[in-house]
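Per-entry structural report
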Amino acid sequence: MFANLLALWPTSDELKFTHKFLSIPVLVAVGVEVTASEMPITEILSFRSKMTVATQRRMIRTKDGLVGLVPELARKGDFVCLFKGGMVPLVMRKVGSRWTLIGDSYVHGIMHGDAFEETKCKTMWIQ
């Protein structure tokens, strides 16, 4: 029974197509909003551009209780790392003795290097 249900589960390519297809009503809604609203178009488009930050992201809560947005490819067990000189935390995955970069993230409370501590730094081999 479960094998049949898994066969219906969409692949990542199908999800990307669906995401693009479903964005058409959003574009139409923006057009209607721009023409029907009394708000300046620059204010509407400014809000919309800020919302694209969350596209293809998922919400997380770290073991320390911090909340943030990470790439949709991130999964449980990945690490949110701060790098010297970095403005945003990076999501890393340990693969054997090396690390793979998954992508950048937003984690409330540790942005712009605020939580960076050089004493906790370790050397990482990134593949």
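Preceding this section is the structure that the text describes.
These notes cover the structure that comes with them. Not measured: the values here are computed from a predicted model.

**So, the overall build of the protein**
- Along the protein, the regular secondary structure elements total 3 helices and 6 strands.
- Buried residues in the protein amount to 16% of all 127 residues.
- Within the protein, contacts between residues at least 6 apart in sequence are counted, and of these 38% link residues at least 24 apart.
- For the protein, the computed accessible surface area is about 10,400 Å², with 64% contributed by carbon and sulfur atoms.

**Topic: the sheet that holds strand β5 (residues 98-104)**
- In space, the 3 strands of this open sheet follow the order β3-β4-β5, with antiparallel pairing throughout. Of all the strands in the sheet, just β3 (79-81) and β5 have a single pairing partner and so form its edges. For this sheet, the mean angle separating the axes of adjacent strands, direction not counted, is 40°.

**Details of the sheet that holds strand β6 (residues 106-107)**
- Spatially, 3 strands are ordered β1-β2-β6 in an open sheet, and the strand pairing comes out antiparallel. The open sheet terminates on both sides in strands that have one partner only, identified here as β1 (57-61) and β6.
- Two strands pair when backbone bridges link them, and β1 and strand β2 (residues 67-71) are joined in this way by 5 bridges, in the antiparallel orientation. The residue bridging Ile-60 from the neighbouring strand is Gly-68, located in β2.

**A look at the pattern of salt bridges**
- Applying the stated criterion across every chain yields a total of 4 salt bridges.
- The residue Asp-78 makes a salt bridge to Arg-93 at a minimum N-O spacing of 2.7 Å. On the criterion of sequence distance, the pair formed by Asp-78 in the loop between β2 and β3 and Arg-93 in strand β4 (residues 90-95) is long-range, its members being 15 residues apart.
- Overall, the relative accessible area of 17% leaves Asp-78 in the buried class.
- Residue Arg-93 is classed as buried on the basis of its relative accessible area, which comes to 15%.
- The salt bridge involving Glu-117 is made with Lys-120; its shortest N-O contact spans 3.9 Å.
- The partly exposed category is assigned to Glu-117, whose relative accessible area is 41%.

**Concerning the pairing of β4**
- Note that β3 and β4 share 3 bridges and pair antiparallel. Considered in β4, the bridge of Val-80 is made with Val-91.
- For β4 and β5, the ladder comprises 6 bridges, and the chain directions are antiparallel. Residue Leu-90 lies in a different strand from β5, and its bridge partner there is Asp-104.
- Here β4 folds back onto β5 in antiparallel fashion, the turn holding 2 residues, of which Gly-96 has a positive phi close to 65°.

How each quantity is defined
- Residues numbered from 1 in each chain as written.
- Predicted model: local features only at pLDDT ≥ 70, side-chain atom pairs only at ≥ 80, totals over all residues.
- Heavy atoms only, no water.
- Helix = DSSP H or I, 4+ residues; strand = E, 2+ residues; numbered from the N terminus.
- Buried < 20%, exposed > 50% of the residue type's maximum accessible area, 1.4 Å probe, protein only.
- Contact = heavy atoms within 4.5 Å.
- Areas by Shrake-Rupley, 256 points an atom, 1.4 Å probe, with all protein chains shown as cover.
- Pairing = 2+ DSSP bridges.
- Axes fitted to C-alpha atoms, helices over the stretch in contact; angles between N-to-C directions.
- Salt bridge = Lys/Arg side-chain N within 4 Å of Asp/Glu carboxyl O.

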